[in-house]
Amino acid sequence: MLMLVNCSNCHTPLQLPPGAKSIRCVLCQAVTLITDPRSVPPPFVSSSHHHHHHNPYHYQQPPPQLQTPSPYNLVPPGLPPQVHGRKRAVICGVSYKNTRYELKGCINDANCMKFLLVNRFKFPESSIITLTEEETDPYKRPTKSNIRMALYWLVQGCQPGDSLVFHYSGHGSQQKNYTGDEVDGYDETLCPLDFESQGMIVDDEINATIVRPLPQGVKLHAIVDACHSGTVLDLPFLCRMDRQGKYVWEDHRPRSGMWKGTNGGEVISFSGCDDDQTSADTSALSRITSTGAMTYSFIQAIERGHATTYGNMLNAMRSTIRSADEQEGGFVTSLLTMLLTAGSLGGGLRQEPQLTANEPFDVYKKPFSI
């Protein structure tokens with residue numbers, strides 16, 4: 001029976017194997033000593049920023065020559081932060097290879113997004129964690145546990161001026177919400193690689209992990225290319241825009257009064273479609289290779305110079321998807337998508353990228369910046 005204990009330094013929940021007297025945190029590398037497995041661990045920290053190891057259950061200090069850099073390393077101590085703040089990203093592409101849920105474009109989406117962040121927005125490669133099935137490292141596969149860890153890492157120790165990005169391409173779903181904090185009565189979910197055995201990641205958890213803790217001066221952009229992903233970060237405000245570009249901000253704050261905003265930081269999310277729409281995995285947009293429609297339109301809007309304001313960005317993304325749909329006469333979506341929606345897509349794409357945020361703003365005045 002595994003027991004959860006909080007890291008004594010960063011408070012990340014860690015699974016404690018039976019009989020263990022200590023555990024090293026995979027995020028901050030601090031060692032938490034356990035005096036009695038039935039009691040709360042004492043606030044004792046033996047910090048080790050210089051030795052890293054992938055395995056969260058590795059208790060002995062590895063010899064220096066055998067050390068393996070953890071994908072969850074923080075910025076090395078002693079290095080001054082960059083003048084314009086640090087940049088950090090988690091990129092997740094799940095293709096569900098060799099299952100009946102297989103998607104073609106998701107790993108390609110992840111690779112394209114990484115290329116964009118490194119080359120256009122100058123994110124250091126060492127500050128990007130990419131989770132795909134192509135990774136040989138077991139801690140970089142897009143399992144539920146690894147995605148959770150990566151999201152903790154993303155916001156861990158962030159400071160004013162930092163810019164964070166979370167990109168997800170894969171299946172999304174919905175499940176009934178019983179707390180009354182969803183306007184439509186459903187929680188939106190992301191489906192990790194092992195969702196059939198481990199379950200989905202619910203929007204409430206995503207909000208609690210990367211939205212609510214975000215401090216003043218920190219900016220987070222989420223790009224979520226999945227079904228039912230309109231409000232998957234559970235952000236309080238949704239920008240409802242018509243085809244002429246006119247918009248209103250809808251208030252999605254829970255009736256329960258639960259706080260879904262940040263701790264002073266800024267979160268803006270682009271998502272593949274509204275909560276009641278289904279994203280398409282299609283080769284109609286890119287003639288070369290299969291890709292998620294939303295990810296492609298996001299990257300193309302930036303490459304074509306439309307990323308001036310958030311409003312222009314959203315309009316450009318929507319027109320890219322609409323024109324692809326019209327040119328193809330409504331291209332054939334995957335059989336899976338047709339089955340899941342009982343054919344309701346009618347062969348067409350019909351998805352409208354959505355913008356949600358922790359607070360309303362003028363989308364045509366606010367400059368787009370990552």
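Examining the pairing of strand β6 (residues 87-93)
At step 1: Within β6, seven of the seven residues are buried, which leaves the element mostly enclosed by the surrounding structure.
At step 2: Alternating positions in β6 separate into two faces, K87, A89, I91 and G93 on one and R88, V90 and C92 on the other, with burial throughout.
At step 3: For β6 and strand β8 (residues 163-169), the ladder comprises seven bridges, and the chain directions are parallel. Paired with G93 across the strands is S169, a residue of β8.
At step 4: Pairing between β6 and strand β7 (residues 128-132): five bridges, direction parallel. Looking at β7, one finds that I91 is bridged to T130.

Quick word on the pattern of salt bridges
At step 1: If you walk through the whole model with that rule in mind, you get 10 salt bridges.
At step 2: Of the charged contacts, one joins K114 and E125 as a salt bridge, the two residues approaching to 3.5 Å between their closest N and O atoms. With K114 in helix α1 (residues 106-119) and E125 in the loop between α1 and β7, the pair connects residues that are 11 residues apart, well separated along the chain.
At step 3: Residues joined by salt bridges that share partners form a network here, namely D204, D234 and K260.

Brief notes about the environment of N207
At step 1: By secondary structure assignment, the location of N207 is in helix α4 (residues 203-211).
At step 2: Look at N207 and you get buried, because its relative accessible area is 0%.
At step 3: Taking the C-alpha atoms as reference points, N207 and L233, 26 residues apart in sequence, are found 5.3 Å from one another.
At step 4: Beyond its immediate sequence surroundings of up to four residues, N207 is in contact with R212, P213, L233, D234, L235, W259 and K260.
At step 5: Of the polar contacts made by the side chain of N207, one reaches the backbone oxygen of L233; its length is 3.0 Å.
At step 6: Of the polar contacts made by the side chain of N207, one reaches the backbone oxygen of K260; its length is 2.9 Å.

Let's talk about the sheet that holds β7
At step 1: With mixed pairing, eight strands are arranged side by side in an open sheet as β7-β6-β8-β12-β15-β18-β13-β14. Only two strands of the sheet have a single neighbouring strand rather than two, namely β7 and β14 (247-251). Strand-to-strand twist across the sheet, computed as the mean angle between neighbouring axes with direction ignored, equals 15°.
At step 2: Relative to strand β12 (residues 219-225), β8 runs parallel, the two sharing seven bridges. Paired with V165 across the two strands is H221, which belongs to β12.

Topic: the sheet that holds strand β9 (residues 172-176)
At step 1: Overall, antiparallel pairing links the three strands, which are arranged β9-β10-β11 in an open sheet. In this open sheet, the two edge strands, each paired with only one partner strand, are β9 and β11 (201-202).
At step 2: Pairing geometry for strand β10 (residues 186-190) and β11, over two bridges, is antiparallel. Residue pairing in the sheet places L190 in a bridge with I201 of β11.

Remarks on the packing of aromatic side chains
Aromatic ring pairs are defined here through the distance separating the ring centres and the angle between the ring planes.
At step 1: All chains considered together, the criterion is met by 11 aromatic pairs.
At step 2: Geometrically, the ring pair formed by F270 and F368 is edge-to-face, given 6.3 Å between the ring centres and 65° between the ring planes. Here the residue F270 occupies a position in strand β15 (residues 266-271), and F368 occupies one in the segment after β18 (354-357), the gap between them amounting to 98 residues.
At step 3: Classification of F270 as buried rests on a relative accessible area of 1%.

Digging into the side chain of N358
At step 1: Structurally, N358 is set in the segment after β18.
At step 2: Polar side-chain contacts of N358 include one of 3.1 Å to the backbone oxygen of G265.
At step 3: Of note is the side chain of N358, whose polar atom sits 3.0 Å from the backbone nitrogen of V267.

What to know about the confidence of the model for the protein chain
At step 1: Residues at a pLDDT of 70 or more form 68% of the protein chain, whose mean pLDDT is 76.
At step 2: β6 holds the highest mean pLDDT among the elements of the protein chain, 97, whereas helix α7 (residues 335-340) holds the lowest, 37.
At step 3: A low-confidence stretch, residues 37-84 (pLDDT under 50), is modelled with 92 contacts involving residues beyond four sequence positions or located in other chains.
At step 4: Within the model, pLDDT remains below 50 along residues 275-291, and this stretch shows 62 contacts once partners closer than five positions in the same chain are excluded.

Digging into the packing of α1 against helix α5 (residues 293-303)
At step 1: α5 packs onto α1 with a crossing angle of 25° between their chain directions and a minimal axis gap of 10 Å. Comparing their axes, α5 and α1 come out roughly parallel. For the pair α1 and α5, the sense of crossing is left-handed. In this structure, α1 uses D109, C112, M113 and L116 to contact α5, whose residues at the interface are T295, F298, I299, I302 and E303.
At step 2: Looking at side-chain class alone, the contact of α1 with α5 contains six nonpolar, one polar and two charged residues.

Cut-offs used in this document
Residues numbered from 1 in each chain as written. Predicted model: local features only at pLDDT ≥ 70, side-chain atom pairs only at ≥ 80, totals over all residues. Heavy atoms only, no water. Buried < 20%, exposed > 50% of the residue type's maximum accessible area, 1.4 Å probe, protein only. Helix = DSSP H or I, 4+ residues; strand = E, 2+ residues; numbered from the N terminus. Pairing = 2+ DSSP bridges. Salt bridge = Lys/Arg side-chain N within 4 Å of Asp/Glu carboxyl O. Contact = heavy atoms within 4.5 Å. Polar contact = N/O pair within 3.5 Å; in protein donor to acceptor, adjacent residues only side chain to side chain. Axes fitted to C-alpha atoms, helices over the stretch in contact; angles between N-to-C directions. Phe/Tyr/Trp six-rings, centres within 6.5 Å; stacked < 30°, edge-to-face > 60°. pLDDT = per-residue confidence, 0-100. Parallel < 35°, antiparallel > 145°, perpendicular 65-115°, else oblique. Left-handed = near helix turned anticlockwise from the far one by under 90°. Nonpolar A, V, L, I, M, F, W, Y, C, P; charged D, E, K, R; others polar.

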